[in-house]
Amino acid sequence: MSGNEQSGARIESSRDPSGQTLLSIRGRLDSTSAAGVWRRLLELGRAAGASGLVVDASALEYCDGAGASLLVALERQQREAGGGFHVRGLREEFQKLVEMIEPAPARVEAAPEHREGFFEGIGRATLRLLSDTRTLMVFVGELTVMLGRALRHPRQLRFKDLFLVAERAGIGAIPIVTLVGFLLGLILAFQSAIPMQRFGAQIFVADLLGISLLRELGPLMAAILLTARSGSAFAAEIGTMKVNEEVDALTTMGLEPVSFLAVPRVLAAVVVVPVLAMLTNVAGLAGGALMFQTLDFPLVTYVNRVVAATSLGDFVGGLFKSFVFGIVVAAVGCLRGLQTGKGAEAVGESTTSAVVSGIVLIAFIDGIFAVVFYAMGI
Amino acid sequence: MANDPIIRVEELTAKYGDNVVFDRVSFEVMRGEVFIILGGSGCGKSTMLKHMIGLYTPFAGRVRIQGDDITRAEGEVRRRILRRLGVMYQSGALFGSMTLLENVRLPLEEFTDYPPEAMDAIAASKLRLVQLEGFEDYMPADISGGMKKRAAIARAMALEPEILFLDEPSAGLDPITSAELDATILRLSRTLGVTFVVVTHELPSIYTIADRVIMLDKETKGIIATGTPAELRDHCENDWVRRFFLRETAAGGEPEVRTT
């Protein structure tokens, strides 16, 4: 009826007197041409249905593994439809190729796919969340014990690792923390100065900056940057070690992976985050100062306002918060690393999960702090 | 090799979820022998090894190492048992951020009170034992697969263990490197009297090093044969085991050999 010259394989379909469909394939049925005729051939075969199908391959010049797969697919489809199937004129070498693919291996009857309902999905997600929370709590507990032990026996601590991590997570973060802090202060001052100008209250921009940076934005920004830079790195490092069986090797050497890998990282983060938070504060206030200059206030006014508006409580509260953020971010990074499954993909998943859980936890804990500080009158 | 079991596996059952890997398996490893755990792909050889070194907790049963049950040990007891073992993982599992010498030194740092220079000397001697002299300052990423495995053996030997567990030592190595590794294993076994438990399915390697072999089976989820390689090849009733040692295909007969 029609041909497909382009692909190198031509198919002709006709009906023989007994009502069977006759498909004759000519030319080359190879990995290039099989793609072009695959669907058409199966459709023609389907049209034959139960009336039976005969494939005439006597004019087939060449057939490779792809062509053989096509013939087998045709046979399988025909068998499922309950119709007869017969190939004639197939050269012996091609016949051998088809036989290597057929008989089809006994297919394991797959369990009927279970479609998850809406409520079942919610239930499952809740259970997963609860078990994840539980794991995190157990891990934090274990970590606390290990940290306590490390502080009681500081000689057992791996100082080399601690300094290395502190350098990477801390000193390495100084440029970005300074930049983000400075821009944050500048933008915040600029955005709040405009509406305040209408009331002639630009001077209070200094109060706003001082309080929001010291109490909230400094620690928060430092912690988020730590999550992005180092939480992810912890998860990826430890995750790769897990995949390479290095974590197993530690365990069978009698070294606790938690104390060996997580403790130095968490301690380093605890030291580093408050410093980074302070740096964000300073950089942010410097940004605000620059904005203030353009509003024609002398620098000394700005400094006096900031000092008057903020208290030691704001400063110490902010630092304490960043201390807690540091523990949580580092702990989550290490936990996700240790939870890594198998393969490269799993490392990617743990890294993503470390950042996402880190940021969610920061937001959550920050909320708790807001309430607690309010209740305590800080 | 007196009749003195150093490891006793008692009625060990392992499961992944509902999937039973092996069921109530018992065997003993004698002091000083090279003991091979064999089996087709997916029959639980590595799982067995990981239970024997206490990485996995079994569903039921015990693994006693010189009488101490490693499956239930915790804290100090567990550390004491682990100190007597060395493990070489399939990939070597060297710590990528440390040089070879630091890798071998690590167990010494954590478990002994040697002065630093003594640790260096011991670690270097272990590397010499596996013919890696001169590579002390190389990073694991910069050496070949066979060297990584040898370095991993050196690290496993650091604390003079009585038992060494090797997970597929010759996987992914060329025949010559693999033979060299076998020679290293034999040397350590004969001169230091270390007991070896090796998971492998490299036939040449088994014939060279094995004192005794057990074969795990996926279908029966247990041991289908025990003995020396020659015994299993010549006298085993189990068809699959005999075929394994004769390297026959399922259809019978050796695989076709290319003649052109």
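The rules behind these values
Residues numbered from 1 in each chain as written. Chains lettered and ligands numbered in written order. Predicted model: local features only at pLDDT ≥ 70, side-chain atom pairs only at ≥ 80, totals over all residues. Heavy atoms only, no water. Phe/Tyr/Trp six-rings, centres within 6.5 Å; stacked < 30°, edge-to-face > 60°. Helix = DSSP H or I, 4+ residues; strand = E, 2+ residues; numbered from the N terminus. Buried < 20%, exposed > 50% of the residue type's maximum accessible area, 1.4 Å probe, protein only. Core = buried A, V, L, I, M, F, W, Y, C linked by side-chain atoms within 4.5 Å. Salt bridge = Lys/Arg side-chain N within 4 Å of Asp/Glu carboxyl O. Contact = heavy atoms within 4.5 Å. Domains from an automatic or database assignment. Patch = residues over 30% accessible without salt bridge, like charges linked within 9 Å, V, L, I, M, F, W, Y side chains within 5 Å. Areas by Shrake-Rupley, 256 points an atom, 1.4 Å probe, with all protein chains shown as cover. Axes fitted to C-alpha atoms, helices over the stretch in contact; angles between N-to-C directions. Left-handed = near helix turned anticlockwise from the far one by under 90°. Nonpolar A, V, L, I, M, F, W, Y, C, P; charged D, E, K, R; others polar. Parallel < 35°, antiparallel > 145°, perpendicular 65-115°, else oblique. Buried area = accessible area lost by both parts, 1.4 Å probe. Polar contact = N/O pair within 3.5 Å; in protein donor to acceptor, adjacent residues only side chain to side chain.

1. Topic: the packing of aromatic side chains
Logical step 1: Inspection of the entire model under this criterion finds 13 aromatic pairs over all chains.
Logical step 2: Residues F260 of chain A and F95 of chain B carry aromatic rings whose centres are separated by 6.5 Å and whose planes lie at 35 degrees to one another, so their mutual orientation is tilted. Taken together, the residues F260 of chain A in helix α9 (residues 257-294) and F95 of chain B in the loop between β6 (85-88) and α3 (100-111) connect one chain to another.
Logical step 3: Residue F260 of chain A is classed as buried on the basis of its relative accessible area, which comes to 6%.
Logical step 4: Look at F95 of chain B and you get buried, because its relative accessible area is 2%.
Logical step 5: Between F369 of chain A and F373 of chain A, the aromatic rings sit 5.3 Å apart at their centres with planes inclined by 50 degrees, giving tilted as the arrangement.

2. Here we look at the nonpolar core
Logical step 1: Counting residues in hydrophobic clusters, the biggest one holds 141 residues, and the most contacted among them are I7, M52, F165 and V197 of chain B.
Logical step 2: In terms of residue count, the dominant contributor to this core is α9 of chain A (14 residues).
Logical step 3: Counting residues in hydrophobic clusters, the runner-up holds 24 residues, among them I11, L70, V72 and F94 of chain A.

3. Points about the pattern of salt bridges
Residue and element names in this part refer to chain A.
Logical step 1: Taken as a whole, this structure holds 35 salt bridges over all chains when the rule is applied.
Logical step 2: In this structure, D132 and R336 form a salt bridge, with 3.0 Å as the shortest nitrogen-oxygen distance. Here D132, found in helix α4 (residues 118-152), pairs with R336, found in helix α11 (residues 312-338); they are 204 residues apart in sequence, far enough to count as distant.
Logical step 3: The exposure class assigned to D132 is partly exposed, which follows from its relative accessible area of 29%.

4. Here's the deal with the environment of A235 of chain A
Residues and elements named next belong to chain A.
Logical step 1: As for its placement among the helices and strands, A235 is situated in helix α7 (residues 205-243).
Logical step 2: By relative accessible area, which is 0% here, A235 ends up buried.
Logical step 3: When the C-alpha positions of A235 and S350 are compared, they lie 6.1 Å apart, and in sequence the two are 115 residues distant.
Logical step 4: Once you skip the residues sitting within four places of it in the chain, A235 turns out to touch G333, R336, G337, S350, T351 and A354.

5. Focus: the domain arrangement of chain A
Logical step 1: Segmenting chain A into domains produces domain 1 (9-101) and domain 2 (141-376).
Logical step 2: Placing a centre on the C-alpha atoms of domain 1 of chain A and another on those of domain 2 of chain A gives a separation of 66 Å.

6. Section: a nonpolar patch on the surface
Logical step 1: A cluster of nonpolar side chains, namely F364, I368, V372, M376 and I378 of chain A, defines an oily patch on the protein surface of about 470 Å² accessible area.
Logical step 2: Mapping M376 of chain A onto the fold places it in helix α12 (residues 344-376).

7. Considering the packing of α7 of chain A against α9 of chain A
Residues and elements named next belong to chain A.
Logical step 1: Packing of α7 against α9 brings their axes to within 7 Å, and their N-to-C directions diverge by 145 degrees. In the packing of α7 onto α9, the handedness of the crossing is right-handed.
Logical step 2: Looking at side-chain class alone, the contact of α7 with α9 contains 20 nonpolar, 6 polar and 2 charged residues.

8. Some thoughts on the packing of α9 of chain A against α11 of chain A
Residues and elements named next belong to chain A.
Logical step 1: Across the interface, α9 lies against α11 with an axial gap of 8 Å and an inter-helix angle of 150 degrees. Classified by the angle between their axes, α9 and α11 sit roughly antiparallel to one another. Judged by the twist between their axes, the crossing of α9 over α11 is right-handed. Together, P257, V258, L261, A262, R265, V266, A269, V270, V273, P274, A277 and M278 of α9 and F315, L319, S322, F323, G326, I327, A330, A331, C334 and L338 of α11 make up the contact between the two elements.
Logical step 2: Residue composition of the contact of α9 with α11, grouped by class: 19 nonpolar, 2 polar and 1 charged.

9. Remarks on the interface of chain A and chain B
Often, the extent of an interface is quoted as the loss of accessible area on bringing the components together.
Logical step 1: Listed per partner, the contact involves 15 residues of chain A and 23 residues of chain B.
Logical step 2: For the chain A and chain B pair, buried surface summed over both sides reaches about 1,500 Å², with 59% attributable to carbon and sulfur atoms.
Logical step 3: Of all residues in chain A, the largest losses of buried area upon contact with chain B belong to E245, T252 and M253 of chain A, amounting jointly to 40% of the total for that side.
Logical step 4: Here chain A is connected to chain B by 4 salt bridges.
Logical step 5: A salt bridge links E110 of chain B to R158 of chain A; its shortest N-O distance comes to 3.1 Å.
Logical step 6: Inspection of the chain A/chain B interface yields 8 residue pairs in polar contact (both at pLDDT 80 or more).

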